[in-house]
Amino acid sequence: MHVQPYLYIPDFMASWPWPRRINPLYEESQHAFEQCDFGRLAALAYPDASRDILRTGADLMNVFFIIDEYTDVESEGVVKEMVDIVIDAVTHPSKARPVGETILGEVVRQFAERALRSATPEAWAHFVESFTDYLRSVVSEAADRCNGTSRTIDSFIKIRRENNGGRPSLSPCELHLAIPDVVFYHPYVVELRMCIVDMITVVNDVMSYNREQATENDHYNLLTVVIRELNTDFDGAMAWVIDFKDRIMTKFAEGLQNVPSFGPEVDRALKQYLQAIANWPRCLDSWSFESKRYFGRRGLEYQQTRRVPLLPRRKPELGLHQEQVCVHMIDGLAQPIAV
């Protein structure tokens, strides 16, 4: 008798002190990709954001989605060309995009032009720096994919801190704040930010693993890397990830108690920023079950049972490029991107 294999997903947020919160403006937010529900992701990520900043956050989530889906199917050379276009667009949003270039250029130009209106100069500079680092790491991921490179756990975690999009995703948390570079890049603040980025990797890679392994696109997933390096199975890899998560949580909690003072005004802004970014792991955990991106229509059921049927592996469609890309949803067939 065939027994349906299941994956067990731990409740990573059981001891995380930041509860689920959602921006009351959620219903007004953008729903360009309804199944993935990036409006909900933004509303969960930025529950206290103004209407303009929530719009920026929702737009940013859609930008990440398009970049991810476009670059996942291209060679290193093509990805680098795309990345150079996107970097130019985000740094020169008033510059008209050339006719015939990838749609990514105009998408990001419009995003940047709109986001700049609600950002302080300090916050925008921090975003452009982190977004550029993210884009460069996407090229590195394409090189690894094309060359069949297998990273060690340590090497993977290091590059995942850039290509998971975590750092720029935290930017809307400070768009309205003027946090000086000397504070934003202080070693204590950098370490706290990296803790949240690592938590984003943990939650994202666990939630997306089933979908990615089913489409043979799990080479850049923490669980896959741990399985390979430690020569273990899914349960062994999950045990390692749980321990890693616990260490991150402890480091973050202790780090919050040791942030130095930079003066009353800056301290208030920094506290607001750190509390806002601490919401991100909870946000991502909640969205993963509430949207249809990873678990289809049964997400809320799986959130309760923590048992997810293992999807059968299937070969990905080959030869699809840019506008031809199809997005694999858990319920139903692949969905073509429309931008």
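Preceding this paragraph is the structure being described.
Residues numbered from 1 in each chain as written. Predicted model: local features only at pLDDT ≥ 70, side-chain atom pairs only at ≥ 80, totals over all residues. Heavy atoms only, no water.

## Description of the pattern of salt bridges
Pairing is possible between side chains of opposite charge, provided their charged atoms come close.
Step number 1: For the coordinates displayed, the defined rule picks out 25 salt bridges.
Step number 2: The closest approach of N and O atoms between Asp243 and Arg247, which form a salt bridge, is 3.0 Å. One end of the pair is Asp243 and the other is Arg247, both in helix H11 (residues 234-256) and 4 residues apart, which spans about a single turn.
Step number 3: Overall, Arg247 belongs to the partly exposed group, its relative accessible area being 44%. (Salt bridge = Lys/Arg side-chain N within 4 Å of Asp/Glu carboxyl O. Helix = DSSP H or I, 4+ residues; strand = E, 2+ residues; numbered from the N terminus. Buried < 20%, exposed > 50% of the residue type's maximum accessible area, 1.4 Å probe, protein only.)

## A few points about helix H9 (residues 187-214)
Step number 1: Here H9 is 28 residues long and its end C-alpha atoms lie 40 Å apart, about the 40 Å a rise of 1.5 Å per residue gives.
Step number 2: The sharpest bend along H9 measures roughly 50° and falls at Ser208.
Step number 3: Among the 28 residues of H9, 24 are classified as buried, and the element is accordingly described as predominantly covered.
Step number 4: Just past H9, the residue Glu216 takes up positive phi, approximately 55°. (Expected span 1.5 Å × (residues − 1). Bend = angle between axes of the 7 residues up to and from the residue.)

## A closer look at the packing of helix H3 (residues 76-91) against helix H4 (residues 103-115)
Step number 1: At their nearest, the axes of H3 and H4 sit 8 Å apart, and the two run at 25° to each other. The pairing of H3 with H4 is recorded here as roughly parallel in orientation. Here H3 runs over H4; the crossing is right-handed. On the side of H3, the interface is formed by Met82, Ile85, Val86, Ala89 and Val90, while H4 contributes Leu104, Gly105, Val108, Arg109 and Ala112.
Step number 2: Class assignment of the residues belonging to the contact of H3 with H4 gives a composition of 8 nonpolar, 1 polar and 1 charged. (Axes fitted to C-alpha atoms, helices over the stretch in contact; angles between N-to-C directions. Parallel < 35°, antiparallel > 145°, perpendicular 65-115°, else oblique. Left-handed = near helix turned anticlockwise from the far one by under 90°. Contact = heavy atoms within 4.5 Å. Nonpolar A, V, L, I, M, F, W, Y, C, P; charged D, E, K, R; others polar.)

## Some details on the state of the cysteines
Step number 1: Evaluation of the coordinates by the stated rule reveals 0 disulfides.
Step number 2: The thiol sulfur of Cys173 is not disulfide-bonded, and the nearest other cysteine sulfur, from Cys283, lies at 9.0 Å.
Step number 3: Overall, Cys173 belongs to the buried group, its relative accessible area being 6%.
Step number 4: Given the relative accessible area of 2%, Cys283 is considered buried. (Disulfide = S-S within 2.5 Å.)

## Observations concerning the packing of helix H1 (residues 38-45) against helix H2 (residues 51-71)
Step number 1: Interaxial distance between H1 and H2 falls to 8 Å at its minimum, and their mutual angle equals 130°. The orientation of H1 relative to H2 falls into the category oblique. Helix-helix and strand crossings are classified by hand; for H1 and H2 the assignment is right-handed. When H1 is examined against H2, the residues Phe38, Leu41, Ala42 and Ala43 are found in contact with a partner set consisting of Leu54, Gly57, Ala58, Met61, Asn62 and Phe65.
Step number 2: For the contact of H1 with H2, the class distribution of residues is 8 nonpolar, 2 polar and no charged.

## Re the side chain of Asp144
Step number 1: Relative to the elements of secondary structure, Asp144 occurs in helix H5 (residues 121-147).
Step number 2: By relative accessible area, which is 8% here, Asp144 ends up buried.
Step number 3: Those residues within four positions of Asp144 in sequence are excluded, and the remaining contacts are Thr149, Arg151 and Tyr220.

## Considerations on the packing of aromatic side chains
Step number 1: All chains considered together, the criterion is met by 20 aromatic pairs.
Step number 2: Relative to Phe252, the ring of Trp18 lies with its centre 5.7 Å away and its plane at 70°, an arrangement referred to as edge-to-face. With Trp18 in the loop between strand S1 (6-8) and H1 and Phe252 in helix H11, this pair connects stretches of sequence that are 234 residues apart.
Step number 3: Residues Tyr209 and Phe234 carry aromatic rings whose centres are separated by 5.4 Å and whose planes lie at 35° to one another, so their mutual orientation is tilted. Of this pair, Tyr209 sits in helix H9 while Phe234 sits in helix H11, placing them 25 residues apart in sequence. In this pair, the class of Tyr209 matches that of Phe234, namely buried.
Step number 4: The rings of Phe64, Phe111, Trp124, Phe127, Phe131 and Tyr134 are connected pair by pair, giving a single aromatic cluster.
Step number 5: Directly above the aromatic system of Phe184 lies the positively charged group of Arg193, at a separation of 3.9 Å from the ring centroid.
Step number 6: Above the plane of the ring of Tyr6 lies Arg307, whose end atom (NZ or CZ) is 4.0 Å from the centre. (Phe/Tyr/Trp six-rings, centres within 6.5 Å; stacked < 30°, edge-to-face > 60°. Lys NZ or Arg CZ within 6 Å of the ring centre and 35° of its normal.)

## Structural notes on the nonpolar core
Step number 1: One finds Met61, Phe131, Tyr273 and Trp280 to be the most contacted residues of the largest nonpolar core, which totals 103 residues.
Step number 2: The element contributing the most residues to this core is H9, with 13 residues. (Core = buried A, V, L, I, M, F, W, Y, C linked by side-chain atoms within 4.5 Å.)

## Observations regarding unusual backbone geometry
Step number 1: The residue Asn231 is not glycine, and still its phi comes out positive at about 55°.
Step number 2: Mapped onto the secondary structure, Asn231 falls in the loop between helix H10 (222-230) and H11.

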